[in-house]
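# Structural description and commentary
Chain by chain, the residues:
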Amino acid sequence: MLNIVLDDELYETLRISNRGIFYLFIESFADGNLTSDLFSHSFIKNRSDLYGISTREYEKYILSSLKPLFGHKYTQLYIYMSYGMNQALSLLLILAYLDQIGDTKEITIYCYDQKAKLNATYRIKAKGYNHVYQTLFFKKQKPKEILITPIQMEIEHALEYKKENNSLLQFLKKNQDLNSQLLYAKFMEKFSDYQLTDQQFIHLLRRSKKM
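Cut-offs used in this document
Position numbers for residues start from 1 in each chain and track the written sequence from start to end. In view of the model being predicted, local features appear only for residues whose pLDDT reaches at least 70, and side-chain atom pairs are presented and counted only at 80 or more, with totals across whole chains, interfaces and linings using the full set of residues. With hydrogens and water set aside, each side-chain value is computed from the structure's full complement of heavy atoms. Note on method: axes are straight lines fitted to C-alpha atoms, helices fitted across the in-contact stretch only, with angles between N-to-C directions ranging 0 to 180 degrees. Elements are defined by DSSP. Helices are runs of H or I of four residues or more, strands are runs of E of two residues or more, and each kind is numbered from the N terminus. Each angle is binned into one of four classes, with values under 35 degrees roughly parallel, values over 145 roughly antiparallel, values of 65 to 115 roughly perpendicular, and all other values oblique. Note on contacts: a residue pair is in contact if any heavy atoms of the two residues lie within 4.5 Å. Throughout, the ten residues Ala, Val, Leu, Ile, Met, Phe, Trp, Tyr, Cys and Pro are labelled nonpolar, Asp, Glu, Lys and Arg are labelled charged, and all others, Gly among them, are labelled polar. By convention in these notes, a salt bridge is any Lys or Arg side-chain nitrogen within 4 Å of a carboxyl oxygen on Asp or Glu. When a residue's accessible area, from a 1.4 Å probe over protein chains only, is under 20% of the maximum for its type it is buried; when over 50% it is exposed; and in between it is partly exposed.

## Here we look at the packing of helix H2 (residues 41–51) against helix H3 (residues 55–63)
It is at 9 Å that the axes of H2 and H3 come closest, and there the two elements cross at 90°. The orientation of H2 relative to H3 falls into the category roughly perpendicular. Judged by residue contacts, Phe43, Ile44, Lys45, Arg47, Ser48 and Tyr51 of H2 engage Thr55, Tyr58, Glu59, Ile62 and Leu63 from H3. Partitioned by chemical class, the residues of the contact of H2 with H3 number six nonpolar, two polar and three charged.

## Points about the pattern of salt bridges
Opposite charge on two side chains allows them to pair when their charged atoms are near. Applying the stated criterion to the full structure yields six salt bridges. In this structure, Arg15 and Glu12 form a salt bridge, with 2.6 Å as the shortest nitrogen-oxygen distance. Taken as a pair, Arg15 and Glu12 lie in helix H1 (residues 8–17) at a separation of three residues, close to a single helical turn. By relative accessible area, Arg15 is classed as partly exposed at 44%. With a shortest N-O distance of 3.3 Å, Lys142 and Glu156 are connected by a salt bridge.

By themselves these figures say nothing about function.
Below, the structure written as structure tokens:
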């Protein structure tokens, strides 16, 4: 049994209230460049360059929680998440990776709300999710496949976020005269559906100042 959690607050709740081992995986795959061959050396190099760290540091601090997944020494995979673009894309990449390596085991996905209450459960296989990944990230198109809700509802957000001159950047540019605290508050309120991190706000703010 392998338990992967995509939300840090949910991770703490599950770790305290449940027996068993949970692995926390946090990444922001909407930022930076990806490669078609997931979690390969070139993929890791791109991600480490984005964060300004070495490939070894990226593997140690970010990918280490996925080592049990890469080792394939589990019989059942359970993924726990809430909602938001970052978690949806992390889920998509995990499913796409499993599709790439031909893993046919059933995957159980538990979706929680912000109060850590279970909202929905999905039992799926990874087949077809590599095509979804390639379509979204490299063709930059909306996949035609019917996807599970946590991914489906974030597709539009991901496509908008990846645009060179997206609505988030336009908002920051338009409101650049506001003081930083007020700008942050207004931005996070307007784009609350994205569930962005503070680091993503800073990254977008820097980009908006170059426009």
